[in-house]
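An overview of the molecular structure
If you want the building blocks of each chain, they are given just below.
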Protein chains: 4
Amino acid sequence: MIGVGIVGYGYWGPNLARAVSESGVARVEMIADMSPDALARAAQRHPAAKLTTDIAELIRAPGVDAVMIATPVHTHFPIARDALRASKHVLVEKPMTDDVAQAIQLVEEAAKRRKVLMVDHTFVYTPAVRAISEMIGAGELGEVYYYDSTRVNLGLFQRDVNVIWDLAVHDFAIVDHLLDQRPVMISASAARFLTGSPENMAQLTVHYDGGAMAHLNVNWLAPVKIRQTLIGGSRKMVVYDDMQTSEKVKVYDRGAMCSADPYEKLVSYRLGDMHAPALRAKEALLTEVEEFVRCIETGATPLTDGLSGLRIVEMLAAASRSVELRGHPVDLTSLKVAS
Amino acid sequence: MIGVGIVGYGYWGPNLARAVSESGVARVEMIADMSPDALARAAQRHPAAKLTTDIAELIRAPGVDAVMIATPVHTHFPIARDALRASKHVLVEKPMTDDVAQAIQLVEEAAKRRKVLMVDHTFVYTPAVRAISEMIGAGELGEVYYYDSTRVNLGLFQRDVNVIWDLAVHDFAIVDHLLDQRPVMISASAARFLTGSPENMAQLTVHYDGGAMAHLNVNWLAPVKIRQTLIGGSRKMVVYDDMQTSEKVKVYDRGAMCSADPYEKLVSYRLGDMHAPALRAKEALLTEVEEFVRCIETGATPLTDGLSGLRIVEMLAAASRSVELRGHPVDLTSLKVAS
Amino acid sequence: MIGVGIVGYGYWGPNLARAVSESGVARVEMIADMSPDALARAAQRHPAAKLTTDIAELIRAPGVDAVMIATPVHTHFPIARDALRASKHVLVEKPMTDDVAQAIQLVEEAAKRRKVLMVDHTFVYTPAVRAISEMIGAGELGEVYYYDSTRVNLGLFQRDVNVIWDLAVHDFAIVDHLLDQRPVMISASAARFLTGSPENMAQLTVHYDGGAMAHLNVNWLAPVKIRQTLIGGSRKMVVYDDMQTSEKVKVYDRGAMCSADPYEKLVSYRLGDMHAPALRAKEALLTEVEEFVRCIETGATPLTDGLSGLRIVEMLAAASRSVELRGHPVDLTSLKVAS
Amino acid sequence: MIGVGIVGYGYWGPNLARAVSESGVARVEMIADMSPDALARAAQRHPAAKLTTDIAELIRAPGVDAVMIATPVHTHFPIARDALRASKHVLVEKPMTDDVAQAIQLVEEAAKRRKVLMVDHTFVYTPAVRAISEMIGAGELGEVYYYDSTRVNLGLFQRDVNVIWDLAVHDFAIVDHLLDQRPVMISASAARFLTGSPENMAQLTVHYDGGAMAHLNVNWLAPVKIRQTLIGGSRKMVVYDDMQTSEKVKVYDRGAMCSADPYEKLVSYRLGDMHAPALRAKEALLTEVEEFVRCIETGATPLTDGLSGLRIVEMLAAASRSVELRGHPVDLTSLKVAS
């Protein structure tokens, strides 16, 4: 059974530890955190796990086959690099790094060592996104025209990263997974309404080489929580509402067609049935841990591998540049990986 | 009682004629349309009105004190100009014109003749927008940070104008009315997914001189109809959902505040009550006709006068330029009126 | 083309007249009302129709082939009887009468004269109920276990009839149409919270001979408007929400099964997909007028014929008896028609 | 600190144990369960707690000041009785017993020993019900006319109790707490659609001595989960929707009034604002444990004391009798406690 070392037992680390425990295919071998309180909580929940305040000790521990990193973003790079160099597999929180060059270095390091490098883009493993991905793969939506997401709520303001790196990162990962197209241009506008805090509201538009458009609306200062995504295709369209307790994914047999005949009406509409598939009940994080273990054991490439993590960091960096340019579009075709 | 001539009895003209009839403060004197079928329908509904296929005849008719124009956009300018020159008051469909220079000319013509020039931005007269306007005016929301609108549905594709001129025009008019700030920059991205038809999906971001941001998401090719606007203020925030049959406007006593103390948490949150004011039941169009007649009789300036109509045409034109530049922001400070 | 005489041009009569006009298969020949104001409104909308304050004149007019009755309930019987005796077809507002004996007399009169007697149970002709009816007919729901309806709102209090005769009548008509079972017992409780007004809140339970149960919750004094019906079947279940603007009917592939094996869990569950069929856009009243004309022309029996109208009056009368008995169940098997 | 013994560590027991741990005002002293697996899970979560398979051992343990009982209903009585006789305070799962005589005996036993006897009617301690209770207490709703609850979902079918004892028990407890009136009559109809399983659908109507009416609609075989309660008052009305993640409680300033003047309209309506109070975030179970400890320490009477538990058992028993009588109303005035 794979032995897992978890670095960081603050907000997200306990979830990773629990998922590893419940997975039945891996065990929590060691947990590292700087805070004695955090380690005390870890001891209570995972009495069999070794505990340490020294990350290096965890990385070199022989019982640790794989390292899961749930620390602040700017620390992802050195921890992941050291773990890979110690020939450990790595699952790192999203975003993979806060810098493109570091992301590239991690990808190269993993390739050199033939280790699994996976990024914890959890949404990709949710039953809802799995179902949509299968529909698109099967051609059910036809050509995908657009992905339009509203992801707003009140808080939590982050101290270090702005709303793009905190919320838009989810949609970048979902679109990267759903679309078989590459981004060519991104335009982003943002505003900060509380002095001294990072940008808390942003709109992003991404043009893809296949003609698709992604639009993201993210906001930490909205009165209500909205998690709604529209996906338009030439054959069908999807409404994915993550706030619904049931029927999160609705597929509409609706669309419009242009008439070739100049004497006809310009556009005709199709208004068919709606269908909400029953979704698997399995927790995303459990699916993700199983995927990680499967890739370690078989050498397969994870759905959210280092390369996808790098593409997303490139897009985040490009979006940040566009914000600095007050919305000026930024070309993505020159990017090493994303294009 | 004011005598009204209605030009165009297609989709919107019948609504104007009905509202005039029901207002009790004006009468339908004459109706002009090129189509005999349209005039036959007009005769049935308004047996006392004179009918004509000649717009010039309507404009010069002595019993016509005011002309309402409900024809295709590109014809607004010549009809409105001729009516003003014939010393008639004018209410023109939105957008006022499809060209800034023409809009300026109409405003000047109206000023010279001391006639009322009003634009039919109906949403400004809805009970929901009236209520929000009163709240903002009374300082209930505090400083307005943003206006974020999603206005999407399936169809109807227009042949001549794109989705910005068809749908975003509503939000431009609402924001122009609600905010006491001037736009300084606009960035717009759009896509057309049906070859041979105008752009059917667009995102627009407007920065205002007071620091506010407006964000519009408009789309003719969405599976469901959404009419949802978030308005964020420093004291309260509003959700305005026009698809609700009741409680269209919800006011949330929620917000975030930055701590000045560096040892405190960065941001603290306020999660108070929600309040949905009872809205007047009065139809917007009726309120609008009354406003038109009141301004004719008293010389007052309408809420949606020619100048506001011009500002909105300027913003639409700037948005179109930004779309041509694939999202490149367009400066609005050099605009004659809008800035 | 069938000539129609409309008796009563108050609240509902204008809708009937409009539907007849728009149907294209009948014409409004004459309109009768006691009120000169009502007749003036009728003249404006239906300039070709003859007008009268004398119902007898309408009934004997040679151009009137069929009489539609939209008057207070206690006047339905004499007007319908006289019309049938004058060999006119009759469409009468719901409920058919306020008395079982009178309802029987109308049915017998219609049979003797071989005239169409139809009751305006409009809901039966809505696209939503048509769709559900077709599903049940095709066996899609399996055995129907229950019909559970909540029909509440604020007002309008009626002066003459209580909430059962005003609101529950709709559900009685829908269930009568949907279920191929006969009612055997009814239990009803009601309360009046405003002194001097009729009962404004009631719960009704009906047991059917096939084992199904209907439950109705009707209330004129609810803060919000709810029109929600659950229909449970052995194979599928339906949620019919008439307040939704789209997806009024949702079909759930869900259910429970009892295990025969005593060592197994008692009950197992099926949690499958949800499906919302696209509904026809046709107005119910138009469908109903066409059905009325079709039955006049072909001798066919309407979906909501006099016999169904009688069954519903019998159920209303039995419910009223149960209310008087403070909820004591009333046997329906002795009823002439309903059982 | 109060030492708590928990009997039964199946579905609900772990929640009680967790709440005791988190409360900070009591500790988990001992846990009893017949199943070694359950005790193993208990050991992991509560390493400091003593474990036993012998309930008698738990009851007589000196460190156990209070016993919490989360076992099948038919075992509540002997365990609670023995605990009270051993001079322990008792918190027992709902319903208190399945038999009125046993409930009376527990109440008497607790009174004799001056021990706290409390029933775990958790809903009474939810922030939503607390807020509604405070409103009613402050007279905000005026005279309460009715309580109308829909509590339906798919499963879980219980083997031993029917849907009334499983679901309606919640509403009985809430109404018992909210209304300052006593029930005088109950009428209940039920049906079982799966052979061999208990009744899974029921409607209950309760008349109160102050004129109020309660109506409950409970169902285990509904396609969707609904937890919606309408509460009508003479001044305001409440919609309490427990499925909402925010705004569970909405207060409508709406109502109807009867006119005394016979020349006026019968009833006039008031359509005012809606208000959704911010609710405390505190978990109900935690509030309940604190209440239990407070009553033990101060001798105060809990909100959900043994007498209220007895009243609810009496109502459940009366409802069962009415079901046997196929809906025949059952008089409650002769009940020892409820009337």
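Residues numbered from 1 in each chain as written. Chains lettered and ligands numbered in written order. Predicted model: local features only at pLDDT ≥ 70, side-chain atom pairs only at ≥ 80, totals over all residues. Heavy atoms only, no water.

Residues and elements named next belong to chain B. Burial within strand E2 (residues 26-32) is extensive, with 6 of its 7 residues counted as buried. Handedness of the crossover is the feature at issue here: the chain leaves strand E1 (residues 2-7), passes through helix H1 (residues 13-23), returns alongside E2, and the resulting connection is right-handed. Note: E2 against strand E3 (residues 50-52), 3 bridges, orientation parallel. Across the sheet, residue Ala32 finds its bridge partner in E3, namely Thr52. (Buried < 20%, exposed > 50% of the residue type's maximum accessible area, 1.4 Å probe, protein only. Helix = DSSP H or I, 4+ residues; strand = E, 2+ residues; numbered from the N terminus. Right-handed = clockwise from strand over helix to strand, strands pointing away. Pairing = 2+ DSSP bridges.)

Next up on the list: the nonpolar core. In terms of nonpolar packing, the biggest core is built from 122 residues, with Met68(D), Ile164(D), Phe172(D), Ile186(D), Leu204(D) and Val238(D) touching the most fellow members. The biggest single contributor to this core is helix H7 (residues 163-178) of chain D, with 11 residues. Ignoring sequence-local partners within four residues, the contact set of Val238(D) consists of Pro223(C), Ile132(D), Met135(D), Leu141(D), Thr229(D), Leu230(D), Ile231(D), Val249(D), Lys250(D) and Val251(D). Ile69(B), Ala83(B), Ile231(B) and Ala319(B) belong to the second-largest nonpolar core, a separate cluster that totals 105 residues. (Core = buried A, V, L, I, M, F, W, Y, C linked by side-chain atoms within 4.5 Å. Contact = heavy atoms within 4.5 Å.)

To continue, consider the interface of chain C and chain D. Taken together, the contact pairs 58 residues of chain C with 58 residues of chain D. In total, chain C and chain D occlude about 4,700 Å² of area from one another, counting both sides; carbon and sulfur atoms represent 68% of this. Our count for the chain C to chain D interface comes out at 0 salt bridges. Scanning the region where chain C abuts chain D turns up 14 residue pairs in polar contact (both at pLDDT 80 or more). Every element with two or more residues in the side of chain C that touches chain D is listed here: strand E7 (144-154), strand E8 (183-191), strand E9 (201-208), strand E10 (213-219), strand E11 (221-233), strand E12 (237-241), strand E13 (249-258) and strand E14 (267-276) of chain C. In the side of chain C that touches chain D, the residues fall into 33 nonpolar, 18 polar and 7 charged. (Buried area = accessible area lost by both parts, 1.4 Å probe. Salt bridge = Lys/Arg side-chain N within 4 Å of Asp/Glu carboxyl O. Polar contact = N/O pair within 3.5 Å; in protein donor to acceptor, adjacent residues only side chain to side chain. Nonpolar A, V, L, I, M, F, W, Y, C, P; charged D, E, K, R; others polar.)

Right, let's talk about the relation of the copies chain C and chain D for a bit. Of the two same-sequence chains, chain C is brought onto chain D (RMSD 0.0 Å, axial shift 0.0 Å) by a rotation of 180 degrees. Put plainly, the chains are arranged around a two-fold axis. Rotation axis and chain C: the residue whose C-alpha lies nearest the axis is His328(C), separated from it by 2.4 Å. Mapped onto chain D, 100% of the interface residues of chain C are again interface residues, and the two copies thus contact each other with one and the same surface. (Least-squares fit on C-alpha atoms with pLDDT ≥ 70 in both.)

If you walk through the whole model with that rule in mind, you get 14 cavities of 30 Å³ or more. For the largest cavity, the calculated volume is near 110 Å³. Lining the largest cavity are Asp148(A), Thr150(A), Ile226(A), Gln228(A), Leu230(A), Asp148(B), Thr150(B), Asn217(B), Ile226(B), Gln228(B) and Leu230(B). At the level of elements, strand E7 (144-154) and strand E11 (221-233) of chain A together with strand E7 (144-154) and strand E11 (221-233) of chain B are the ones that each hand at least two residues to the lining of the largest cavity. Across the lining of the largest cavity, the residue classes break down as 4 nonpolar, 5 polar and 2 charged. (1 Å grid on protein atoms, 1.4 Å probe; cavity = no way out; pocket = protein on both sides within 12 Å on 5 of 7 lines; lining within 4 Å. Points joined across faces, edges and corners; volume = space filled by probe spheres on them.)

What follows is about the UniProt feature "domain: Gfo/Idh/MocA-like oxidoreductase N-terminal" (unreviewed entry) in chain A. The UniProt feature table records "domain: Gfo/Idh/MocA-like oxidoreductase N-terminal" (unreviewed entry) at residues 2-121 of chain A. This span, residues 2-121 of chain A, is 42% helix and 24% strand, and a straight line between its end C-alpha atoms measures 21 Å. (UniProt positions renumbered as here; feature names shortened; annotations may be inferred.)

What follows deals with helix H6 (residues 127-137) of chain C. All names here are of chain C. H6 sits mainly inside the fold: 9 of its 11 residues count as buried. Of the residues making up H6, those classed as buried are Pro127, Ala128, Val129, Arg130, Ala131, Ile132, Ser133, Met135 and Ile136. Packing partners of the buried residues in H6 comprise E7, helix H7 (163-178), E11, E12 and E13. Note on H6: the residue one or two positions beyond its end, Gly139, has a positive phi of about 80 degrees.

A word on the pattern of salt bridges. All names here are of chain A. Within the structure shown, the criterion is met by 76 salt bridges over all chains. Between Glu290 and Lys282 there is a salt bridge whose closest N-O contact spans 2.8 Å. For Glu290, a relative accessible area of 28% gives the class partly exposed. Among the charged side chains, a network of salt bridges with common partners joins Arg85, Glu109, Lys112 and Arg113.

In this section: helix H9 (residues 306-324) of chain A. Counting along an α-helix, one turn takes 3.6 residues, and residues three or four places apart therefore face a common direction. Residues and elements named next belong to chain A. In this model, H9 (19 residues) spans 27 Å end to end at C-alpha, consistent with the 27 Å of a helix rising 1.5 Å per residue. In terms of residue burial, H9 counts as a mostly covered element, since 16 of its 19 residues are buried. Just downstream of H9 lies Arg326, where phi reads positive at about 55 degrees. (Expected span 1.5 Å × (residues − 1).)

Residues and elements named next belong to chain B. The strand order E3-E2-E1-E4-E5-E6 describes an open sheet built from 6 strands, whose pairing is parallel. Strand pairing shows two members of the sheet lacking a second neighbour, E3 and strand E6 (117-120), which therefore form its edges. In this sheet, adjacent strand axes meet at a mean angle of 25 degrees when their direction is disregarded. Bridging between E1 and E2 involves 6 bridges; their strand directions are parallel. Opposite Ile6, over in E2, you have Ile31 as the bridge partner. Against the sheet, helix H8 (residues 284-298) contacts E1, E2, strand E4 (66-69), strand E5 (89-93) and E6, and its axis sits at roughly 175 degrees relative to E6. (Axes fitted to C-alpha atoms, helices over the stretch in contact; angles between N-to-C directions.)

Residue and element names in this part refer to chain D. Where burial is concerned, most of strand E11 (residues 221-233) is hidden: 11 out of the 13 residues are buried. Note: strand E7 (residues 144-154) against E11, 9 bridges, orientation antiparallel. Each bridged residue has a counterpart across the sheet, and for Arg151 the counterpart in E11 is Arg227. A loop of 3 residues connects E11 with strand E12 (residues 237-241), the two strands running antiparallel in sequence.

With that settled, consider the packing of aromatic side chains. Counting across every chain of the model gives 12 aromatic pairs over all chains. Geometrically, the ring pair formed by Phe193(A) and Tyr145(B) is stacked, given 4.9 Å between the ring centres and 10 degrees between the ring planes. Here Tyr145(B) lies in strand E7 and Phe193(A) lies in the loop between strand E8 (183-191) and strand E9 (201-208), a pairing that spans two chains. Tyr145(B) shares its class with Phe193(A); the two are buried. Centre to centre, the rings of Tyr11(C) and Trp12(C) are 6.2 Å apart; their planes meet at 40 degrees, and the pair counts as tilted. For Trp12(C), a relative accessible area of 23% puts it in the partly exposed group. Cluster of aromatic residues (ring-pair linked, three or more members): Tyr145(A), Tyr146(A) and Phe193(B). Note that Arg151(B) overlies the ring of Phe123(B), its terminal NZ or CZ placed 4.7 Å from the centroid. (Phe/Tyr/Trp six-rings, centres within 6.5 Å; stacked < 30°, edge-to-face > 60°. Lys NZ or Arg CZ within 6 Å of the ring centre and 35° of its normal.)

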